[in-house]
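# What the coordinates show
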Amino acid sequence: MYQYSNSEDSSERNFNLREQIEGYLSHWKWFVVGVAITVSVAFIYLRYAVPLYSASSTILVKDERKGGLASELSAFSDLGMLKNVKSNVDNEIEVIKSRTLVEKTVKDLGLNISYINEGRIKDGEIYKDSPIVVFFSNQNEQFYKENHKLRVVAASASTYTLYDEAGSKRGVFKYGETIKYKSGTCSILKNNLEPEKNKTEFSIRIEIQPVLQVAESYKARLKVMALSKNTSVIELSFVDPVLYRAEDFLDALVRNYNQDAIDDKNFISENTSKFIEQRLKLISQELEGVEKDAEEFKKTNKVTDITSEAGLFLENASEFEKREIETETQLKVVNTMLDYMKNTTNENLIPANILTSDVNAVGLIDQYNQLVLERNRILKTAGPKNSMVLAVDKKIASLKSNVSSSLNQLKASLQIKKNDLARQNAIVDGRISQIPTQEKEFRIIARQQQVKEALYLYLLEKREETAISLAVTEPNAKVIDQAHAALSPVSPNRKVVYIVALFLGLFIPFAVIYVIRLFDTKVKSRLDIERATTMPFIGDVPKSETSEQIINTNSRTSTAEALRIVRTNLEFLLNEVPEGVAKTIFLTSTFPKEGKTFISVNLASTIALSDKKVLLVGLDIRNPKLEEYLVVPKVGITNYLASKEYTKIEDFITKVDGFSNFYALPAGVIPPNPAELLMGKKVGELFEKLKQDYDYIIVDTAPVSLVTDTLLIAKYADTFIYVTRANYLDKRMLSLPEKLYQEKKLPNMSILINDTDSTKGYGYGYGYGYGYGSDEKLVPAWKRFFKK
């Protein structure tokens, strides 16, 4: 029944995947417990974790490089109202993410005030379904830079109890009543909710946070990105514990962004409109004065149509007069612009669409206005001494000088043109010198009247253009998809949490077992023995499940069954022992405490139960242990060997109680010279006599790694059982019995492993206890479950 390890089978000594898997599967209960714990922790975490929802919105912005938003003002493109309206996606993304815009949105929605419903276990934030609303008034600026907390508990249908930040009761108040709080006042009103959402009993905690702090938090959670490089479509996403608040925030942010862009565009139109109104008022007065002069002239000279007398000359001169009038008009416009330039500052805009005759001057004015707008936008977040503001001021001053220079050049050009037209007109006047003086005087008055009328009509046209621009200013972004949040939270993800919990539940026990096995070099099973040695393996003895020290006839434990198998295997090792001579079995080990004496005693009792006369000899004379298992006298074999007088060995042999053929020869008194005592001739004579009197002799010897006693008496043995203890002996020490076996220092060697786990059997999947399951009830249930 015993087997020799096949040293030629290298697969036994290499990595065995099945063995590794079975090594972990044997601890399956720990994996079950690990998964149960991690899944339970995941369930508790998901039960009390605050879910986060993600809302997203999509908008289309203007981008001169990528097309984008179609303009509603395309019908007015001939008026020059869409010039220099430029934007790009990258700039607009930064504008949307700006702290100023986010802070304005937080203020508009009152997001710095949170209403928290206090529960028994978990508090929940209320957004639109809060039964109350708080309003603060007359608070100083410092109030909105600090954190404040209030607690409101419903007292009745019309009253509530207010608690301050320290938890002290402020009193019972009516809804809508003004209460003095901090530097100002506050009032709490009932929120008009639907009947099914209206609560009569509640405890609400109100938390007021600084607007800037809340804005920074919202800005950090806001993500704005272009969907692709070739489009001007922008996606806004925002994560928040309250689903509907995330949607409202994104919608309000887009509205504020569009309104901010509209305000910037209207800024130029409003300033132009103011300038035109001022000029119209002045020109209207001047035109009225000229018309009165013409009326007075006709009344005084009693004429109605002087030009009919000029006839042909006036017809020839009409072209010169027309050009002179146009030049005069343009010259006045230029003079007006120069006067306005002298009084303007870096904060004022120059009317953009007054001049039409000079393209260079118009372009410079447009550039100047763009720089003024940029300077004003920077001043919203920076001081006048800021380096960026100073740099823009320098550009504005330089551009202003260029604009003035361009206007002066235009004025000089128009003056030259006017002088030339005047000279040519003088020639014509010379040809009509016969026309009465009244005609000449009236022409002067009529010319002034025409100039004033042309300027007046021109300004009326520009006023209408500006009014249209103000009325139909387009937004900078078109909403493609309004903000929408998915009903399922993005965090925590229940599936991911449970998958991670399941993974950790399996990984942690695996890692612990792996580390334990990695650093554990102890012998575990028969496999470890067979890998390291080539000697016969006669069995493994499981850990005793009962408190019995000696096996009796009724023992049905796995330990008893294992020893019966060992007894059977021994017969194959002892088949060459002659009849009539005791079969002598020596037991040794590497170190003490490996169960050598336990195996000796129980192997002897097992053989004795088969009606064989058995003698158990304690020859571990340095550290005798037989008295821990059997009731034996203090004297024994050492006393016999050391005695010089004639003594009988029978005087030291004791019959073991409860057995008919079980005898014990204890070690006796520990001698001062154990090695010399065992080397004497008396030892050989003793064994020769005992072999004639008994059927089996079981000898408990000393460990071979510590003393030489066992090697001295090895020649008297028919077979040697080398006892190794599981989870005690280091695998590296198995080289010692292998060396003894190869060098044949111990005759007929075999090896046995003690104190194994009966639930794991031999290491090949077999166990003890066939037909005997009652002994397992002696072990507590929790130990049976977690038994390794």
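Calculation rules
Residues numbered from 1 in each chain as written. Predicted model: local features only at pLDDT ≥ 70, side-chain atom pairs only at ≥ 80, totals over all residues. Heavy atoms only, no water. Helix = DSSP H or I, 4+ residues; strand = E, 2+ residues; numbered from the N terminus. Buried < 20%, exposed > 50% of the residue type's maximum accessible area, 1.4 Å probe, protein only. Contact = heavy atoms within 4.5 Å. Areas by Shrake-Rupley, 256 points an atom, 1.4 Å probe, with all protein chains shown as cover. Axes fitted to C-alpha atoms, helices over the stretch in contact; angles between N-to-C directions. Parallel < 35°, antiparallel > 145°, perpendicular 65-115°, else oblique. Nonpolar A, V, L, I, M, F, W, Y, C, P; charged D, E, K, R; others polar. Pairing = 2+ DSSP bridges. Core = buried A, V, L, I, M, F, W, Y, C linked by side-chain atoms within 4.5 Å. pLDDT = per-residue confidence, 0-100. Salt bridge = Lys/Arg side-chain N within 4 Å of Asp/Glu carboxyl O. Left-handed = near helix turned anticlockwise from the far one by under 90°. Phe/Tyr/Trp six-rings, centres within 6.5 Å; stacked < 30°, edge-to-face > 60°. Lys NZ or Arg CZ within 6 Å of the ring centre and 35° of its normal. Right-handed = clockwise from strand over helix to strand, strands pointing away.

This next bit is on the overall build of the protein. Summing up its helical and strand segments, the protein has 21 helices and 21 strands in all. Taken across its 788 residues, the protein has 45% of its residues classed as buried. Restricting to contacts in the protein with at least 6 residues of sequence separation, those with at least 24 account for 78%. As displayed, the protein offers around 42,600 Å² of accessible surface, 53% of which is attributable to carbon and sulfur atoms.

Another point: the packing of helix α14 (residues 558-573) against helix α15 (residues 596-608). At their nearest, the axes of α14 and α15 sit 10 Å apart, and the two run at 75° to each other. Regarding the angle of α14 to α15, the classification is roughly perpendicular. The segment α14 lies against α15, with T559, L563, R564, V566, R567 and L570 engaging F598, I599, N602, L603, T606 and I607. A breakdown of the residues in the contact of α14 with α15 according to their chemical character gives 7 nonpolar, 3 polar and 2 charged.

A word on helix α4 (residues 99-109). For α4, the set of buried residues is L101, V102, E103, T105 and V106. Count one or two residues on from α4 and you reach G110, which has phi positive near 65°.

We now examine the sheet that holds strand β5 (residues 148-154). Read across the sheet, 6 strands follow the order β3-β2-β10-β5-β6-β7 without closing on themselves; strand pairing throughout is antiparallel. Each edge of the open sheet is held by one strand with a lone partner, namely β3 (124-126) and β7 (169-174). Mean inter-strand twist for the sheet, computed between neighbouring axes without regard to direction, equals 30°. Relative to strand β6 (residues 159-163), β5 is paired through 4 bridges, and the arrangement is antiparallel. In the strand pairing of β6, A154 is matched with Y160.

This brings us to the nonpolar core. Ranked by size, the top nonpolar core spans 43 residues in total, and within it L619, L665 and L690 carry the most contacts. The set of elements that each furnish at least two residues to this core consists of β16 (614-618), α16 (637-642), β18 (662-665), α17 (674-678), α18 (681-693), β19 (696-700), β20 (719-725) and β21 (749-756). When residues in this core are grouped by element, the largest group, 4 residues, is from α18. When neighbours within four sequence positions are excluded, L619 is seen to be in contact with I637, L678, F687, V699, D700, T701, A702 and I713.

Turning our attention to the pairing of strand β2 (residues 113-117). With 4 of 5 residues buried, β2 is to be regarded as a mostly interior element. Here β2 pairs with strand β10 (residues 203-208) via 5 bridges, running antiparallel. For S114, the partnering residue across the bridge sits in β10 and is E207. Bridge count between β2 and β3: 3 bridges; the pairing is antiparallel. By the bridge assignment, I116 is partnered in β3 with E125.

This part covers the confidence of the model for the protein. Mean pLDDT over the protein stands at 80; residues scoring 70 or higher make up 83%. In this model, residues 67-86 is a region of pLDDT below 50 whose contacts with residues beyond four sequence positions or in other chains number 32 contacts. The low-confidence segment residues 761-778 (pLDDT under 50) makes 32 contacts with residues lying over four places distant or belonging to another chain.

Tallying each qualifying case throughout the model produces 29 salt bridges. The shortest N-O distance in the salt bridge between K689 and D693 comes to 3.6 Å. One end of the pair is K689 and the other is D693, both in helix α18 and 4 residues apart, which spans about a single turn. Judged by its relative accessible area of 38%, K689 is partly exposed. With a relative accessible area of 32%, D693 lands in the partly exposed category. For the salt bridge of K745 with E743, the shortest nitrogen-to-oxygen distance reads 3.2 Å. Given a relative accessible area of 40%, E743 falls into the partly exposed group. Through salt bridges with shared partners, a single ionic network connects E125, R221, D240 and R245.

What follows is about the sheet that holds strand β8 (residues 178-181). Read from one edge of the open sheet, 3 strands run β4-β9-β8, paired in antiparallel fashion. Only two strands of the sheet have a single neighbouring strand rather than two, namely β4 (132-137) and β8. Going from strand to strand, the sheet's axes swing by 30° on average, the running direction of each strand aside. Bridge analysis of β4 against strand β9 (residues 184-190) gives 6 bridges, and the strand direction is antiparallel. Looking at β9, one finds that F136 is bridged to C186.

Right, let's get into the environment of A55. Counting through the fold element by element, A55 comes out in strand β1 (residues 53-61). A sequence separation of 188 residues divides A55 from L243, and the C-alpha atoms of the two residues are 7.4 Å apart.

We now examine the packing of helix α1 (residues 17-25) against helix α12 (residues 494-519). At a closest axis distance of 11 Å, the pairing of α1 and α12 adopts a crossing angle of 120°. In this structure, the crossing between α1 and α12 has a hand that is right-handed. Seen from α1, the contacting residues are Q20, G23 and Y24; seen from α12, they are F510, I513, Y514 and R517. Counted by class, the contact of α1 with α12 contains 4 nonpolar, 2 polar and 1 charged residues.

With respect to the element layout, R494 can be found in helix α12. Distance in space between the C-alpha atoms of R494 and A42 is 8.7 Å, their sequence separation being 452 residues.

Summed over all chains, the structure comprises 19 aromatic pairs. A ring pair is formed by Y218 and F249, whose centres lie 5.0 Å apart and whose planes are at 65°; its orientation type is edge-to-face. Linking Y218 in helix α5 (residues 211-221) with F249 in helix α6 (residues 243-301), this pair joins segments that are 31 residues apart in sequence. Like Y218, the residue F249 is buried in the burial classification. Their ring planes at 10° and their centres at 5.2 Å tell us that F687 and Y716 sit as a pair that is stacked. Note that F687 is positioned in helix α18 and Y716 in the loop between α19 (709-713) and β20, a separation of 29 residues in sequence. Overall, Y716 belongs to the buried group, its relative accessible area being 15%. Just above the ring of Y640 sits the side chain of K682; from NZ or CZ to the centre is 4.5 Å.

For the rest of this paragraph, the subject is the environment of V153. Looking at the element boundaries, V153 is found in strand β5. Among residues more than four places away in sequence, those in contact with V153 are Y160, T161, Y163, F202 and S203.

Counting buried positions along β21 yields 8 of 8 residues, so the element is predominantly enclosed. Pairing of strand β14 (residues 537-542) with β21, which is carried by 5 bridges, proceeds in the parallel orientation. Note that in β21 the partner of F537 across the bridge is I751. As defined by bridge partners, β20 adjoins β21 across 6 bridges and the pair is classed as parallel. Note that in β21 the partner of V723 across the bridge is L752. The β-α-β motif built from β20, the intervening helix α20 (residues 735-742) and the parallel element β21 has right-handed crossover chirality.

Okay, unusual backbone geometry next. Between S491 and the following residue, P492, the backbone shows a cis peptide bond with an omega angle of -5°. By the element assignment, P492 lies in the loop between β13 (477-485) and α12. Backbone geometry places K593, a non-glycine residue, at a positive phi of 65°. Phi at D755 takes a positive value of approximately 65°, unusual for a residue other than glycine. Within the secondary structure, D755 is located in strand β21. We classify D755 as buried; its relative accessible area is 15%.

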